[in-house]
There are 2 protein chains.
Amino acid sequence: MKLYFSPASPFARKVRVSALELGLAERIELLQISLSPVSPHTDLRQHNPLGKIPALITDEGAALYDSPVICEYLDALAGGARLWPAAGPARWRALTRQALADGITDAAVLVRYEQAVRPEPLRWAQWIEGQWLKIRTALEALERDSLEGVFDIGTISVACALGYLDFRFAEEGWRARLPRLAAWYALISERASLAATRPS
Amino acid sequence: MKLYFSPASPFARKVRVSALELGLAERIELLQISLSPVSPHTDLRQHNPLGKIPALITDEGAALYDSPVICEYLDALAGGARLWPAAGPARWRALTRQALADGITDAAVLVRYEQAVRPEPLRWAQWIEGQWLKIRTALEALERDSLEGVFDIGTISVACALGYLDFRFAEEGWRARLPRLAAWYALISERASLAATRPS
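For the structure given in this document, a descriptive report is provided here.

How each quantity is defined
Residues numbered from 1 in each chain as written. Chains lettered and ligands numbered in written order. Predicted model: local features only at pLDDT ≥ 70, side-chain atom pairs only at ≥ 80, totals over all residues. Heavy atoms only, no water. Helix = DSSP H or I, 4+ residues; strand = E, 2+ residues; numbered from the N terminus. Rg over C-alpha atoms; globule rule 2.2 N^0.38 Å. Buried < 20%, exposed > 50% of the residue type's maximum accessible area, 1.4 Å probe, protein only. Contact = heavy atoms within 4.5 Å. Areas by Shrake-Rupley, 256 points an atom, 1.4 Å probe, with all protein chains shown as cover. Lys, Arg positive; Asp, Glu negative; His and termini not counted. Charge placed at Lys NZ, Arg CZ, Asp CG, Glu CD. Core = buried A, V, L, I, M, F, W, Y, C linked by side-chain atoms within 4.5 Å. Phe/Tyr/Trp six-rings, centres within 6.5 Å; stacked < 30°, edge-to-face > 60°. Lys NZ or Arg CZ within 6 Å of the ring centre and 35° of its normal. Pairing = 2+ DSSP bridges. Axes fitted to C-alpha atoms, helices over the stretch in contact; angles between N-to-C directions. Least-squares fit on C-alpha atoms with pLDDT ≥ 70 in both. Buried area = accessible area lost by both parts, 1.4 Å probe. Salt bridge = Lys/Arg side-chain N within 4 Å of Asp/Glu carboxyl O. Polar contact = N/O pair within 3.5 Å; in protein donor to acceptor, adjacent residues only side chain to side chain. Nonpolar A, V, L, I, M, F, W, Y, C, P; charged D, E, K, R; others polar. Expected span 1.5 Å × (residues − 1).

**Quick word on the overall build of chain A**
A tally of helices and strands in chain A yields eight helices and four strands. The globule rule puts the C-alpha radius of gyration for 200 residues at 16 Å, and the 17 Å found for chain A is close to it. Overall, the C-alpha framework of chain A stretches about 45 × 40 × 30 Å when taken along its three principal axes. Out of the 200 residues belonging to chain A, those deemed buried represent 58%. Excluding contacts between residues fewer than 6 apart, the proportion of contacts in chain A whose partners are at least 24 apart in sequence is 68%. With the model as given, the accessible surface of chain A reaches about 8200 Å², and the carbon-plus-sulfur share is 52%. Taken as two groups, the 23 positive and 23 negative side-chain charges of chain A have centres that lie 1 Å from each other.

**Here we look at the nonpolar core**
The biggest cluster of nonpolar side chains holds 59 residues, and the ones touching the most others in it are Leu74, Leu139, Leu162, Leu165, Leu181 and Trp184 of chain A. Contributions of two or more residues to this core are made by strand S1 (2–5), helix H1 (10–21), helix H3 (67–77), helix H4 (89–117), helix H5 (125–144), helix H6 (153–168) and helix H7 (179–188) of chain A. By residue number, the principal contributor to this core is H4 of chain A, which donates ten residues. Residues in contact with Leu139 of chain A, not counting those within four places in the same chain, are Ile104, Leu162, Leu165, Trp174, Leu178 and Leu181 of chain A. In this structure, Met1, Ile104, Ala108 and Leu147 of chain B belong to the second largest nonpolar core, which totals 57 residues.

**Notes on the packing of aromatic side chains**
Enumeration over the complete set of coordinates arrives at eight aromatic pairs over all chains. Between Trp127 of chain A and Tyr113 of chain B the ring centres are 5.8 Å apart and the planes differ by 65 degrees, which places this aromatic pair in the edge-to-face class. In this pair, Trp127 of chain A sits in helix H5 while Tyr113 of chain B sits in helix H4 (residues 89–117), so the two residues belong to two different chains. For Trp127 of chain A, a relative accessible area of 7% translates into the label buried. One cation-aromatic arrangement involves Arg191 of chain A over Phe151 of chain A; the distance from NZ or CZ to the ring centre is 3.5 Å.

**Thoughts on the sheet that holds S1 of chain A**
One key point about sheets: their strands pair by backbone hydrogen bonds, in either a parallel or an antiparallel sense. All names here are of chain A. The strand order S2-S1-S3-S4 describes an open sheet built from four strands, whose pairing is mixed. Among the strands making up the open sheet, the edge pair consists of strand S2 (29–32) and strand S4 (63–64). Relative to S4, strand S3 (residues 55–57) runs antiparallel, the two being bridged by two bridges. Along S4, the bridge assignment pairs Leu56 with Leu64. Most of the contacts of H3 go to S3, to which it runs at about 40 degrees, and overall it touches S1, S3 and S4.

**A look at the relation of the copies chain B and chain A**
With an RMSD of 0.0 Å, the operation that places chain B on chain A is a rotation of 180 degrees combined with a shift of 0.0 Å along the axis. Such a combination of turn and shift is consistent with a two-fold rotation axis. For chain B, the residue whose C-alpha comes nearest the rotation axis is Leu122 of chain B, separated from it by 2.1 Å. Both copies present the same face, since 100% of the interface residues in chain B are matched by interface residues at the equivalent positions in chain A.

**So, the interface of chain B and chain A**
Between chain B and chain A, the residue contacts involve 41 residues of the former and 41 residues of the latter. Both sides together, the interface formed by chain B and chain A hides about 3900 Å², and carbon and sulfur atoms give 69% of it. Together, Leu50, Trp92 and Trp124 of chain B form the three largest contributors to the area buried by chain B at its contact with chain A, with a combined 18%. The partner of Arg91 of chain B in a salt bridge is Glu72 of chain A, with the nearest N and O atoms 2.8 Å apart. Seen at the junction of chain B and chain A, the total is 14 residue pairs in polar contact (both at pLDDT 80 or more). Of all the secondary-structure elements, those providing two or more residues to the side of chain B that touches chain A are strand S4 (63–64), helix H3 (67–77), H4 and helix H5 (125–144) of chain B. Ranked by residues supplied to the side of chain B that touches chain A, first place goes to H4 of chain B with twelve residues. A class-by-class count of the residues in the side of chain B that touches chain A yields 27 nonpolar, five polar and nine charged.

**Quick notes on H6 of chain A**
Think of an α-helix as 3.6 residues a turn; residues three or four steps apart then line up on the same face. Residues and elements named next belong to chain A. In a regular helix each residue adds 1.5 Å, so 16 residues correspond to 22 Å; H6 covers 22 Å between its end C-alpha atoms and thus fits that length. The element H6 is largely enclosed, with a buried count of 13 among its 16 residues. Of the residues that open H6, the one with a side-chain oxygen 2.8 Å from the backbone nitrogen of Gly154 is Asp152.

**Some words on unusual backbone geometry**
A negative phi angle is the norm for most residues apart from glycine, just as the trans form is the norm for most peptide bonds. Residues and elements named next belong to chain A. Looking along the chain, the bond that leaves Ile53 and enters Pro54 is cis, with omega of 0 degrees. When you line up the elements, Pro54 lands in the loop between helix H2 (42–47) and S3. Look at Ala81: it is not a glycine, yet its phi comes out positive at around 55 degrees. Here Ala81 is to be found in the loop between H3 and H4. When its relative accessible area of 54% is taken as the criterion, Ala81 is described as exposed.

The following block contains the structure:
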């Protein structure tokens, strides 16, 4: 298999963490690329018309995306029901957590585009505030959630979202307000799969 | 169950179409709300901290989101493997199509925000062009795809993405360039579930 990725991408990190946890990392060739929201990558777009990473090319030559699809595919390849609980309350909880975490990351990426890519005179403070409100409300919900002892696609996604916030917005300082989430994140970050894929 | 939705939301439409196809629509109370990317909805946010629709409240009181999670939950509730193929090539194809279609809709929503919500002096033509490039490349990939005879979460998502483009960007006129996709869409749009949920 081949994976289009960048070391900074929080969505590609979910795939790399899953592959490491499932013992599949050695079967995946990593193709590192750089992307910008306003300049497309020709080779990637032949596989994923949206021009987004991660995109996986299977051994059969099929292109799979986005990160939830690739992660579920890898889980099935490793026997199934390992990082993706079977249908039932645990699955809906894990997948809703994944949606919450990916939503945090989506909002953070939009803030990043607004602040680092869009020309300065065209930036809109209210848009940035709206995205931060999503992020902060979602983090507060995670502070009240029971993440301890759970390791699945939901908590992997939460860890990757928090890693991205630390990587791009270290000044946000969410740990002071959310001590339980901070303690959970400190512990899970020690896992080899997360330690090996820290964004850079 | 209760579903937060708006009649214009292409992602909520996926859920409403799925519910109709699965015979579950009568078990879902529809809670219609209006959203803006810069003004949050307090009641919705108590259930979905991201403040996005669709969000489903199950009969057990759990909040589920986003649209793929709710659609898969409804499919399981109706017995499973009806609109979501079981693990295997058909599933990965359906879920990648869903990601492609949802990616078209995401890009179209970003264009809509840029053109209808962001103050005019802050709009960035290059950003809009970048989103349209994603949309058009994805539509061209769908023109080459074999959608005929397939009805699952992948093709439902494609139909809802095209419906949103027609609703917000009728002037785009994609049908002239993509006759095979146009013929497929004309046929699938006649289904009762899609006809009953046309955006307004």
